[in-house]
Amino acid sequence: MILSDLYQQFRNPETIRALSQSIKKIASKIETDINIMEVCGGHTHTIMKYGLNQLLPANIKFIHGPGCPVCIMPKERIDHAAALAQLPNTILLTLGDMIRVPGSKGNLAKFRAKGADIRPLYDPLDAITIAKENPNKKVIFFAIGFETSTPMTAVLIDQAEKQNIENLLFHINHVLVPPAIDTVMADTECKVNAFIGPAHVSVISGAKVYRPAVKQYQTPLVVSGFEPVDVMESILRIVKQKHAQIAELDIQYSRAVTEDGNLAAQQLINKYLTLRDSFRWRGLGPIPNSALRLKDEFSHRDAEIIYTTVLPTEEINDHKACQCGDILRGIANPPDCKVFGRGCTPETPLGSCMVSSEGACNAYYRYAGVSHA
């Protein structure tokens, strides 16, 4: 596709063109590379789907971050879900993409095919209905996601408590963005010197959670919406900061994100959930205070405690040929992986980055025109 055709794919082609020209003009005055990590997989897909990287100068490079909740889930947590699903009189519920993420013994789709009652949810509140309709079974919600989806889990716990739905249990896998940013920046191979911040996460947490990182690492961070115009405007704001040699927190997505976030959602989360001491992220390893768990007073709903004797404890790494870990750390891109598009495709994923619709490998496979020989 030639550049003139590419511009016509946008709803606002002239706006995109003007932003591109402004970025190029200012970036030409900057001698060093601007290595932007877009933390959220949604931004990765916008960049790749719309070819935004083709509209930018050579000294602006994208590094794809660990902001895909499916991609960062380690194999042993998938093994937890499989073990729970195989318990007698049990229904396991989780969000759609998790069904296909490979654990050490296969994905949840494999265990469902063998007879386990595993149900993907598209509306988490359906868990309440399913639990009520199956009073003689344990219904376990395998909860995943960043700050974006955590309030819904808190709502489910709240409703289960208020309605005395005793058979609804939870396996909590909610993770937090700021500790992941710290881990990425602590890597000696890290080249990131600017961030596009996750929009939907920030609606809940508020933009202020990123201020410590901006100050500590002196990296601009712009919280961006997901439309192509949003992303291009956010890149322009980063480039302007780089040219002025400043590092600030900026909210481009001001139509939805505030400094303090959704206080009501935060209050409900804090009522039921608390920080874990540590959580092992796929590709990043153990990160202190980076995930949530049920508070002790709600241990009667905690599947990890109730079924601790049947849950595997071994930590399991990815397939040796898979470079998903390096991709999540920002030191490799999907085409660098030898099995990308060959042994590893969305239909036959070896790693989690190829499974999810937010995964970087999935985005490159679908949109980058990379050879799949």
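Above: the structure in question.
Described below are features of the structure shown in this document. Here the structure is a predicted model, which means the values were calculated and not measured. (Residues numbered from 1 in each chain as written. Predicted model: local features only at pLDDT ≥ 70, side-chain atom pairs only at ≥ 80, totals over all residues. Heavy atoms only, no water.)

Some thoughts on the overall build of the protein chain
A tally of regular secondary structure across the protein chain gives 16 helices and 13 strands. Its C-alpha atoms give the protein chain a radius of gyration of 21 Å, near enough to 21 Å, the size a compact globule of 373 residues would have. Projected onto its principal axes, the C-alpha coordinates of the protein chain cover approximately 65 × 50 × 40 Å. Considering only contacts in the protein chain between residues 6 or more positions apart, those separated by 24 or more positions represent 76%. Accessible surface for the protein chain amounts to roughly 16100 Å². Of this, 49% is attributable to carbon and sulfur atoms. Treating the 39 positive side-chain charges of the protein chain as one cloud and the 38 negative ones as another, the clouds have centres 3 Å apart. (Helix = DSSP H or I, 4+ residues; strand = E, 2+ residues; numbered from the N terminus. Rg over C-alpha atoms; globule rule 2.2 N^0.38 Å. Contact = heavy atoms within 4.5 Å. Areas by Shrake-Rupley, 256 points an atom, 1.4 Å probe, with all protein chains shown as cover. Lys, Arg positive; Asp, Glu negative; His and termini not counted. Charge placed at Lys NZ, Arg CZ, Asp CG, Glu CD.)

A word on the sheet that holds strand β3 (residues 90–95)
Pairing is parallel across the open sheet formed by four strands, whose spatial order is β4-β3-β5-β6. The strands lining the two open edges of the sheet, one partner per strand, are β4 (117–121) and β6 (168–174). Neighbour to neighbour, the strand axes of the sheet diverge by 20 degrees on average, direction disregarded. Two elements, β3 and strand β5 (residues 138–145), share four bridges in a ladder whose sense is parallel. (Pairing = 2+ DSSP bridges. Axes fitted to C-alpha atoms, helices over the stretch in contact; angles between N-to-C directions.)

Structural notes on the packing of aromatic side chains
By the definition in use, this model includes four aromatic pairs. Judged by centre distance (4.8 Å) and plane angle (55 degrees), the rings of Y272 and F298 are tilted. With a gap of 26 residues between them, Y272 in helix α12 (residues 263–272) and F298 in the loop between β13 (292–294) and α13 (303–306) connect regions that are remote in the sequence. Overall, Y272 belongs to the buried group, its relative accessible area being 2%. (Phe/Tyr/Trp six-rings, centres within 6.5 Å; stacked < 30°, edge-to-face > 60°. Buried < 20%, exposed > 50% of the residue type's maximum accessible area, 1.4 Å probe, protein only.)

What about the sheet that holds strand β1 (residues 34–40)?
Spatially, β2-β1-β7-β8-β9 is the arrangement adopted by the five strands of the open sheet, whose pairing is parallel. Each having just a single partner strand, β2 (60–67) and β9 (249–251) make up the two edges of the open sheet. On average, each strand axis in the sheet is inclined to that of its neighbour by 20 degrees, with strand direction left out of account. Where strand β8 (residues 221–223) lies against β9, three bridges are found, and the strand directions are parallel. Pairing of V222 across the sheet is with D250, part of β9. Here helix α8 (residues 177–186) sits on the sheet in contact with β1, β2, β7 (194–197) and β8, set at roughly 150 degrees to β1.

Overview of the environment of A321
Checked against the element boundaries, A321 lands in the loop between α13 and α14 (324–328). Measuring from C-alpha to C-alpha, the distance between A321 and C344 comes to 9.8 Å, with 23 residues separating the pair along the chain. With residues near it in sequence (within four places) discarded, A321 still touches C337 and V339.

A look at unusual backbone geometry
Despite not being glycine, Q245 shows a phi value in the positive range, around 60 degrees. The residue Q245 is located in the loop between α11 (228–244) and β9 in this model. Its identity as a non-glycine residue notwithstanding, N289 has a phi of 50 degrees, on the positive side.

Examining the side chain of Q241
When you line up the elements, Q241 lands in helix α11. Not counting residues up to four positions away in its chain, the partners in contact with Q241 are P220, V222, I246, A247, E248 and D250.

Side note on the state of the cysteines
The full count for this structure, using the stated rule, is two disulfides. Sequential numbering of the bridged cysteines in the protein chain gives the disulfide pattern 1-2, 3-4. Left without a disulfide partner, C40 is nearest to the cysteine sulfur of C68, which lies 8.6 Å away. A disulfide-free cysteine, C190 has its sulfur positioned 16 Å from the sulfur of C353, the nearest such atom. (Disulfide = S-S within 2.5 Å.)

Looking at the packing of helix α3 (residues 41–49) against helix α16 (residues 360–367)
Working note: a packed helix pair is described by the angle between its axes plus the distance between those axes. Between α3 and α16, whose axes approach to 9 Å, the crossing angle comes to 15 degrees. The angle between the axes of α3 and α16 places the two elements in the roughly parallel class. Like other packed secondary-structure pairs, α3 and α16 cross with a definite hand, here right-handed. Where α3 abuts α16, its residues T44, H45, M48 and K49 lie against A360, N362, A363, Y364 and Y367. Residues of the contact of α3 with α16, tallied by class, amount to five nonpolar, three polar and one charged. (Parallel < 35°, antiparallel > 145°, perpendicular 65-115°, else oblique. Left-handed = near helix turned anticlockwise from the far one by under 90°. Nonpolar A, V, L, I, M, F, W, Y, C, P; charged D, E, K, R; others polar.)

Quick look at the environment of H64
Along the chain, H64 turns up in strand β2. In this structure H64 comes out as buried when scored by relative accessible area, which is 2%. C-alpha of H64 to C-alpha of K295: the two residues are 231 residues apart in sequence and 33 Å apart in space. Leave out the neighbours within four places in its chain, and H64 touches M37, E38, T44, I327, L328, G330, N333, P334, A360 and Y364. Here the side chain of H64 touches E38 through a polar contact of 2.4 Å, side chain to side chain. Among the polar contacts listed, one links the side chain of H64 to the side chain of Y364, at a separation of 2.9 Å. (Polar contact = N/O pair within 3.5 Å; in protein donor to acceptor, adjacent residues only side chain to side chain.)

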